[in-house]
Amino acid sequence: MASTDTGLKADKASGGRARGSDDLAGLEAGLDALDAVQVSRTPVREVLLKKVLPPLTAVALVLVVWQVLVRAKVTEEYKLPAPSAVWDSVSEMWMQGTLLDVVWTSVSRGLLGFLLALAIGTPLGLLVARVKFIRAAIGPILSGLQSLPSVAWVPPAVIWLGLNDSMMFAVILLGAVPSIANGLVSGVDQVPPLFLRAGRTLGATGLRGTWHIVMPAALPGYLAGLKQGWAFSWRSLMAAEIIASSPDLGLGLGQLLENGRNNADMPGVFLAIILILIVGIAIDLLIFSPLERWVLRSRGLLAKN
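Structure report, in brief. (Residues numbered from 1 in each chain as written. Predicted model: local features only at pLDDT ≥ 70, side-chain atom pairs only at ≥ 80, totals over all residues. Heavy atoms only, no water.)

Looking at the overall build of the chain
Note the following rule: By definition, any uninterrupted DSSP run of H or I lasting at least four residues is a helix, any uninterrupted run of E lasting at least two residues is a strand, and each is numbered from the N terminus. To sort residues, take the accessible area from a 1.4 Å probe on protein chains only and compare it with the maximum for the residue type: under 20% means buried, over 50% means exposed, and anything in between is partly exposed. Computed with a 1.4 Å probe, the accessible areas rest on the Shrake-Rupley method; for each residue, only the protein chains presented here act as cover.
Along the chain, the regular secondary structure elements total 12 helices and zero strands. The helix and strand sequence of the chain, counted from the amino end, reads α-α-α-α-α-α-α-α-α-α-α-α. Burial analysis of the chain (305 residues in total) assigns 32% to the buried set. About 18900 Å² of surface is accessible on the chain, with carbon and sulfur atoms providing 67% of the total.

Here it is as structure tokens:
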């Protein structure tokens, strides 16, 4: 009887362990299923309906309202030109071969200035975020510079550097560097302390810890700072080109807008505004939106399509 009882107890124990192993395996499988991101290719029709059709509809609606206002003669024709007049300006510049040159002049300046601001703002943001003395010293200055309108830097930049590309880049840097640095500071402040302690335990200290722990964890805030930095770069450049227009600087979008104002050429003014808007949207769609999707997807916050 004793041996029988012992055998029953052993069977129960082994059965309990088996059930425990099954439960643990089921739990692990459930967690894996939660972590797994469903990979599927979005149909072309769905892409067209959800991503292409809405902006095209919005553009068409704006054009319709614009044409209705022109037909209703809500104001003089020289103040509100018809869409066809703006299209004629586009066609004329295209036939002359100047349209792409004007766009590239501003885009190349803006991108180069943004890259310079990125090279300066990133290490500056890390220093401000990681060194308490530097943060106390220049942190409020960066915040103040970020709120200062970029157009305020154009007159002193012209006096200091003259009417040249160096003046343009100086205005871009003064407008974009504070935004990039503050965005990185905000991202670093949101890094969980546990990540830093784990990195130190694994030997990731100094520059290695910054590269492998701090920067990846601060990436969402840093990316937000980059987007804002590009917006400040583009606005700063347009302000500089409008105020400090000169034949020596070449014809950019800001100069095109100012020339339209000086010549009372409203179709030219509207054309410049539309081109400035298109460039801003294109940079966001081609550069920052893919980066943002990649960051979200890498954190499991966005399904892969």
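And the narrative resumes.
Things to note about unusual backbone geometry
Keep in mind that most residues, glycine aside, have a negative phi and that most peptide bonds are trans. Despite not being glycine, Lys 73 has its phi angle at roughly 55°, a positive value. Looking at the element boundaries, Lys 73 is found in the loop between helix H2 (44-71) and helix H3 (83-96). In this model, Ala 264 sits at a positive phi of 55°, which is unusual for a non-glycine residue. Summarising the element assignment, Ala 264 is placed in the loop between helix H11 (253-262) and helix H12 (266-298). With relative accessibility at 62%, the residue Ala 264 sits in the exposed group.

Comments concerning the nonpolar core
In plain terms, the rule: Joining through side-chain atoms within 4.5 Å is the link that ties buried Ala, Val, Leu, Ile, Met, Phe, Trp, Tyr and Cys residues into a set, and such a set is a nonpolar core. Two residues form a contact once any of their heavy atoms are found within 4.5 Å.
In terms of nonpolar packing, the biggest core is built from 57 residues, with Met 167, Trp 234 and Leu 253 touching the most fellow members. In terms of residue count, the dominant contributor to this core is helix H7 (residues 165-189) (12 residues). With sequence-adjacent residues up to four places away left out, Leu 253 is seen in contact with Val 102, Val 103, Ser 106, Trp 234, Met 238, Glu 241, Ala 272, Leu 275, Ile 276 and Val 279.

Overview of the packing of helix H4 (residues 99-130) against H11
Under the convention used in this document: To define axes, lines are fitted to C-alpha atoms, for helices over the stretch in contact only, and angles between the resulting N-to-C directions are given on a 0 to 180 degree scale. Angular relationships are summarised with four words: roughly parallel below 35 degrees, roughly antiparallel beyond 145, roughly perpendicular across 65 to 115, and oblique for the angles in between. Throughout, the ten residues Ala, Val, Leu, Ile, Met, Phe, Trp, Tyr, Cys and Pro are labelled nonpolar, Asp, Glu, Lys and Arg are labelled charged, and all others, Gly among them, are labelled polar.
Remark: H4 packs on H11, axes separated minimally by 8 Å, with the N-to-C direction vectors making an angle of 130°. Taken together, the axis directions place H4 and H11 in an arrangement best described as oblique. Residue-level inspection shows Val 102, Val 103, Ser 106 and Arg 109 of H4 in contact with H11, the latter providing Leu 253, Gly 254, Gln 255 and Leu 256. Looking at the contact of H4 with H11 residue by residue, the classes come out as four nonpolar, three polar and one charged.

Regarding the packing of aromatic side chains
Any two aromatic rings considered together are summarised by their centre-to-centre distance and by the angle between their planes. Basically, it comes down to this: Ring pairs shown here join Phe, Tyr and Trp side chains whose ring centres sit within 6.5 Å, with only the six-membered ring taken for Trp; geometry is labelled stacked below 30 degrees between planes, edge-to-face above 60, and tilted in between.
For the structure shown, the criterion picks out four aromatic pairs. On the numbers, 5.3 Å between centres and 25° between planes, the contact of Trp 66 with Phe 270 is stacked. Here Trp 66 is found in helix H2, whereas its partner Phe 270 is found in helix H12, with 204 residues between them in sequence. The exposure class of Trp 66 is buried, given its relative accessible area of 12%. For Phe 270, a relative accessible area of 21% corresponds to the partly exposed category. With 6.0 Å between their ring centres and 85° between their planes, Phe 114 and Phe 288 make a pair best called edge-to-face. In this pair, Phe 114 is assigned in helix H4 and Phe 288 in helix H12, connecting sequence segments 174 residues apart.

Observations regarding the side chain of Ser 150
In this structure, Ser 150 sits in the loop between helix H5 (132-147) and helix H6 (154-161). Apart from residues no more than four positions distant in its own chain, Ser 150 is found in contact with Val 171, Gly 175, Phe 232 and Ser 236.

Note that all results are geometric; they support no functional claim without further evidence.
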